[in-house]
Amino acid sequence: MTDRRPFYVTTPIYYVNDIPHLGHAYTTTVCDALRRYQLLRGRESRMLTGTDEHGLKIERVAKESGKTPQAFVDAASKPFRAAWPQLDIEADDFIRTTEPRHIAWVHELWKRIAENGFLEEGSYEDWYCVGCESFKTEKELLPGNLCPIHQKPVERVKEQTYFFKLSKFEARLLEFYEKHPSFIQPETRRNEVLSFVRSGLRDLSVSRTSFSWGIPVPGDPKHVMYVWFDALSNYRSALAGRDEKGEPLSRFWPPSAEAVHIVGKDILRFHAVYWPAFLMAAGYTDAEMPTAIVAHGFLTIDGHKMSKSLRNGVDPLRLAKELGPDVLRYYLLRAISFGQDGDFDHAGIIERYNADLGKNLGNLLARTLGLCVKMTDGLVPPKGFETELEVELAARVDVDAARAMDHWSSYEPHLALEATWAISAALNQYVDRAAPWALAKQGDMARVHSTLWTLLTTLERLSICIWPAMPGKANQMRAQLGLPAIVPQVGSDLFWSTPTLEPGMKLAPGSALFPTYDEATTSELLSRLRPPESITATSMAEGATKQEKKMEKMPESAIPSTEASPLGPITYDQFSIVDLRVGVVLTCEKVPKKDRLLKLAVDLGETTPRTIIAGLALTFAPEALVGRRVIVVANLAPRDFGKGLVSHGMIMAAGPSEALVLPTIDDTVAAGTKLK
Ligand code: MSP
């Protein structure tokens, strides 16, 4: 039975101390695909994303960048808002936790919880990981008091606080999980949460007094709210008020809607334990809890752990530009088993592209349209009549389309796409078996027509099935079939609908939907896409020696490795002459009339910041660098760029001038620290 309730899907809100990376892109793409699927089913659907802007972590980064926290978050939220449309992600709302609408809602939540007697003043002393913005028990810590997620030392925090009486919700939460077995997905993650709650819940400190970048506690402004109390509320604060039609947005919350939070496995506990407990404490009934919290795994890149700030150089926006957003979306949704950890493999994306998109789907469309051009003057043929072959195919397609629907509805994009591609494979088999070219030779035009009709109408169906994953390609495919772009309508189920193609309609074959890469173009593409491994200096871009410039233009693989270096090995003493230090960029601006150059003030832990002129401008907007840690060659002789511009150091970076990647270093390392 079709679910007619509105559908609400949310991404986590992203911390703005980072810029959008592939992990963020993954979750956000999944949410967009789920939203699109529900739209196709005729459901009113809403997707929310946004940025998490308060807390100690953000306050510290803002301070390092020499900005006020507000100015910092205003700038740092922008790349997130700008990123998603480039991946064809159409969130309906983008919330920032510094917005008044959010703050007002969080105040109300706090007040309701306080009135219900679930907040209590006290003091505590505990371990805190600023990276997680979370308290840690001694049991959880790794030797050396390291956070198991960030592998960084936790901090001892001691202060006055308001405690949220989480312990009072242990039994109710367990009962709720029991009654709603699909609340936490997948099953393995559910079990982890159950055993965490069963092992006993401690009351939770939900306010801080040792810093001020947060939402003030109503009536006690020396406290700011714990960042997770603030952040989790975004899912409801974004539904305060009305939409452009004047309808209340609260209709997107249970019980009148299905509300799904898609999160990474690292933040499941906050969503599956704290968030429902906060809502329960504020008086929400079980029917008003989110429908499901669905946790996905972590992505690695070419087998390596991926971490923040594009550390291993994989920029989803760059990938989308090179390959097209649809190809990136397809790969993320199909190749990573949702719920499990998965590897983003640069070679794998091209293999899948060639096989699934080029040879399977793209070729099928081209072949079918080619046959129509030859045999029916490029028009949709008459329906003809069905044989066993068509009946068998229709049954298979129905089974696979129903399978895809089931998997989309249970938030399993990889399986939904597997089922969708089974339709394409069945169609490829069908065309080989029906062999319309042989039928034409026999002069059996009625069979030719029914074969082509079957192919075209099933391709129309496929164009709808692929739309959640590849909206752009789906519409290009439809254009070649002579069909209009998909415009979902509330109340009408497009996913399970009869074809709209009619005999006599004009087809519009165009260029290949997915032109495949051969060996040479694959390796050329890979050398551009893979994160560069060799470190080059940014000022190579300006004033580099001839040899350096020549090397810069070479593909990665052609740059000699250290072993083959014409300089030969160097001794430790020779290496130690180079003074490499950690710097923090305080200000950064463009150099007038010099496209490639940026002028930076970099804190190297000295009494005054260094002025450094660096060839970073083709890759970075000045504001993107403010607050970043960089590696600086600190004892390079000053270099005069003319017109009073003198550089007092060199910033290290890797890759070509238009796609430079900065080597990164943990936020805990102080400015001026020497690399050895
Ligand atoms: N601000 C909190 C979320 C608050 S939601 C009320 C936060 N932000 S985050 O920016 O650090 O992480 C956002 C999401 O990105 C998390 O779901 C996290 O799991 C996900 N990812 C971060 N790195 C990732 C990978 N390498 N792979 C997949 N997702 C990862 O936590």
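Note that the coordinates shown come from a computational prediction; the quantities given were computed from them, not determined experimentally.

1. So, the overall build of the protein
- Tallying secondary structure elements over the protein gives 21 helices and 25 strands in all.
- Here the C-alpha atoms of the protein give a radius of gyration of 28 Å, agreeing with the 26 Å that 2.2 N^0.38 yields for 676 residues.
- Reported as C-alpha extents along the three principal axes, the dimensions of the protein are approximately 90 × 75 × 45 Å.
- Here the protein holds 676 residues, and 54% of them are scored as buried.
- Expressed as a percentage of contacts within the protein between residues at least 6 apart in sequence, the contacts between residues at least 24 apart total 75%.
- In the structure as shown, the protein presents an accessible area of about 29,100 Å², 54% of it carried by carbon and sulfur atoms.
- Of the charged side chains in the protein, 78 are positive and 84 negative; the average position of the first set lies 3 Å away from that of the second.

2. Thoughts on the site of the ligand
- In the vicinity of the ligand there are 23 residues, among which Ile13, Asp52, Gly264, Asp266 and Met306 approach most closely.
- The contact in question runs from a nitrogen atom of the ligand to an N or O atom on the backbone of Ile13, over 2.8 Å.
- The backbone of Leu299 places a nitrogen or oxygen atom 2.9 Å from a nitrogen atom of the ligand.
- Burial of the ligand by the surrounding chains reaches 92%, relative to a free accessible area of 670 Å².
- Taken together, the elements giving at least two residues each to the shell around the ligand come down to β2 (14-15), α1 (22-40), α7 (227-232), α8 (234-237) and β13 (258-264).
- The element that contributes the greatest number of residues to the shell around the ligand is α7, accounting for 3 residues.

3. Looking at the environment of Pro143
- Within the fold, Pro143 resides in the loop between β6 (134-136) and β7 (155-164).
- For Pro143, a relative accessible area of 75% corresponds to the exposed category.
- When the C-alpha positions of Pro143 and Pro153 are compared, they lie 9.6 Å apart, and in sequence the two are 10 residues distant.

4. Digging into the pattern of salt bridges
- Following the criterion strictly, the structure yields 42 salt bridges and no others.
- With its nearest N and O atoms 2.7 Å apart, the salt bridge here joins Arg36 to Asp32. Remark: Asp32 and Arg36 occur in helix α1; sequence separation between them is 4 residues, near one turn of the helix.
- Using a relative accessible area of 3% as the deciding quantity, one classes Arg36 as buried.

5. Quick word on the sheet that holds strand β10 (residues 207-208)
- One open sheet holds the 3 strands; their spatial order is β10-β12-β11, and the pairing between them is antiparallel. The two strands at the open ends of the sheet, each matched to only one other strand, are β10 and β11 (216-217).
- Alignment of β11 against strand β12 (residues 220-225), held across 2 bridges, turns out to be antiparallel. Within β12, the position partnered with Val217 by the bridge is Asp220.

So, how was this worked out
Residues numbered from 1 in each chain as written. Predicted model: local features only at pLDDT ≥ 70, side-chain atom pairs only at ≥ 80, totals over all residues. Heavy atoms only, no water. Helix = DSSP H or I, 4+ residues; strand = E, 2+ residues; numbered from the N terminus. Rg over C-alpha atoms; globule rule 2.2 N^0.38 Å. Buried < 20%, exposed > 50% of the residue type's maximum accessible area, 1.4 Å probe, protein only. Contact = heavy atoms within 4.5 Å. Areas by Shrake-Rupley, 256 points an atom, 1.4 Å probe, with all protein chains shown as cover. Lys, Arg positive; Asp, Glu negative; His and termini not counted. Charge placed at Lys NZ, Arg CZ, Asp CG, Glu CD. Near = heavy atom within 4 Å. Polar contact = N/O pair within 3.5 Å; in protein donor to acceptor, adjacent residues only side chain to side chain. Salt bridge = Lys/Arg side-chain N within 4 Å of Asp/Glu carboxyl O. Pairing = 2+ DSSP bridges.

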